[in-house]
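Understanding the architecture of this molecule
Read off the chains here:
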Amino acid sequence: MNGKKPIAVLTDGDESMQRAVEIVLPGCPHRLLSWHIGENVMTNVKDQKLRERFIEIMYSKHKLSTQLRKLEEDASKIYTDNVFFVVRKEIERVCGLITEAVVQSNGFKTYVMWRHNKVDQRFNVVYFQRESGTPFVCSRQKMEYEGIPCCHIFNVLKHESVTKILSSLVMKRWTISEKCNIEILDTCGLTTNVIEDGESKSRFGYISDMLSKLLFRASSSKEIYEMVSEEVDKLEKKLEAVSIVPKVRRMTDVDIMRTLLETQML
């Protein structure tokens, strides 16, 4: 192996093999083959539901259980296992929704819906019929906060006969492909940027939510619009100033530290 230590060693669980791995490759993780783990479960676990659950988790063979099978199947191919179970819950909740009205406007539709046991709590989903940009805006805002489409958006997909989850509804960090990339980066010790990028996305989502409410109110009248526009211009100038000042301060701190070290050396 060109002098490189393996990431892990897979065996059938033989004790002598385990001891040999500890001696020849100290510190190298030892793992059982999934086939042997599966055989042990099938032999020793009698609960059929528990067996099926094990197979679903171990081999990522998701048993489709919702009425929207094509959307569910597509979700199983996109998301990691843990995220898929959350998304599937949202798909399951679609059957409990009642669509009260669909209002067609110029370039978008507004869906009004509520749960059969919560008539007084209504949710609105705006579906923008355009080729680019975010096509859905839901009053629940689960997509903005968690990066996962809510049951109301899935309900609109059902009404629009959409059988694939749109790429604009998929946050990259929850996908199988991104998990593989992070695991590769982790082995090289390069996951810092990924974590920081995730934190910036969370902040972006929170600020976007606040600004969307502000802009909605600003558009209600010309006077408010002009007032908000003026304040936004001021804020933009402040942000530009703030982005420059820290760089200057960091350089000043470095210069001061260098000077102190040089003084001590003298």
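Here is what the cut-offs are and how they apply
Residues numbered from 1 in each chain as written. Predicted model: local features only at pLDDT ≥ 70, side-chain atom pairs only at ≥ 80, totals over all residues. Heavy atoms only, no water. Helix = DSSP H or I, 4+ residues; strand = E, 2+ residues; numbered from the N terminus. Buried < 20%, exposed > 50% of the residue type's maximum accessible area, 1.4 Å probe, protein only. Contact = heavy atoms within 4.5 Å. Areas by Shrake-Rupley, 256 points an atom, 1.4 Å probe, with all protein chains shown as cover. Pairing = 2+ DSSP bridges. Axes fitted to C-alpha atoms, helices over the stretch in contact; angles between N-to-C directions. Salt bridge = Lys/Arg side-chain N within 4 Å of Asp/Glu carboxyl O. Phe/Tyr/Trp six-rings, centres within 6.5 Å; stacked < 30°, edge-to-face > 60°. Lys NZ or Arg CZ within 6 Å of the ring centre and 35° of its normal. pLDDT = per-residue confidence, 0-100. Patch = residues over 30% accessible without salt bridge, like charges linked within 9 Å, V, L, I, M, F, W, Y side chains within 5 Å.

Focus: the overall build of the protein chain
Counting its secondary structure elements, the protein chain contains 10 helices and six strands. Taken across its 266 residues, the protein chain has 26% of its residues classed as buried. Restricting the contact set of the protein chain to residue pairs at least 6 apart, pairs at least 24 apart contribute 40%. Total accessible area on the protein chain is roughly 19100 Å²; 58% of this is exposed by carbon and sulfur atoms.

Some words on the environment of Lys 118
Turning to its location among the elements, Lys 118 is positioned in strand E5 (residues 118-128). Counting along the chain gives 21 residues from Lys 118 to Leu 97, while the straight-line C-alpha distance between them is 9.6 Å.

Here's the deal with the sheet that holds strand E6 (residues 136-138)
Overall, antiparallel pairing links the four strands, which are arranged E3-E4-E5-E6 in an open sheet. Both outer strands of the open sheet, strand E3 (97-104) and E6, are each paired with one neighbouring strand and no more. Direction aside, the axes of adjacent strands within the sheet are offset by 20 degrees on average. Direction of pairing for E5 relative to E6: antiparallel, over a ladder of three bridges. Pairing of Val 126 across the sheet is with Val 137, part of E6. Sheet contacts for helix H7 (residues 151-159): E3, strand E4 (108-115), E5 and E6; angle to E4, the most-contacted strand, approximately 120 degrees.

A word on the pattern of salt bridges
Using the criterion set out here, one finds 11 salt bridges in the structure. Among the ionic pairs, Lys 77 bridges to Glu 73, the shortest N-O distance being 3.7 Å. Taken together, the positions of Lys 77 and Glu 73, both in helix H4 (residues 69-78) and four residues apart, correspond to about one turn of that helix. Among the residues examined, Lys 77 registers a relative accessible area of 56% and is labelled exposed. Between Lys 234 and Glu 231 there is a salt bridge, and its shortest N-O distance comes to 3.8 Å. Of the two residues, Lys 234 and Glu 231 both sit in helix H10 (residues 222-265), three residues apart, roughly one turn of that helix. On the basis of relative accessibility, which here comes to 43%, the residue Glu 231 falls in the partly exposed class. Through salt bridges with shared partners, a single network forms among Glu 90, Arg 93, Arg 140, Lys 142 and Glu 146.

A closer look at the packing of aromatic side chains
Under the definition given, this model contains three aromatic pairs. Here the guanidinium or amino end of Arg 173 rests over the ring plane of Trp 174, the centre of that ring lying 4.7 Å away.

A closer look at the pairing of E3
One ladder, built from seven bridges, connects E3 with E4; its direction is antiparallel. Looking at E4, one finds that Val 103 is bridged to Thr 110. Where E3 folds back on E4, the antiparallel hairpin that results is connected by three residues, among which Gly 107 adopts a positive phi of roughly 95 degrees.

Section: the confidence of the model for the protein chain
Per-residue pLDDT for the protein chain has a mean of 77; in total, 72% of the residues score no lower than 70. Mean pLDDT values for the elements of the protein chain range from 58 in helix H8 (residues 176-187) up to 95 in H7. Here residues 187-196 is modelled with pLDDT under 50, and outside its nearest four sequence neighbours on either side it reaches seven contacts, counting other chains as well. Segment residues 245-251: pLDDT under 50, and zero contacts once partners within four positions in sequence are set aside and those in other chains are kept.

Digging into a nonpolar patch on the surface
Nonpolar side chains collect at one region of the surface, where Leu 10, Leu 33 and Trp 35 lie side by side and expose about 330 Å² of accessible area between them. Structurally, the position occupied by Trp 35 is in helix H2 (residues 34-44).

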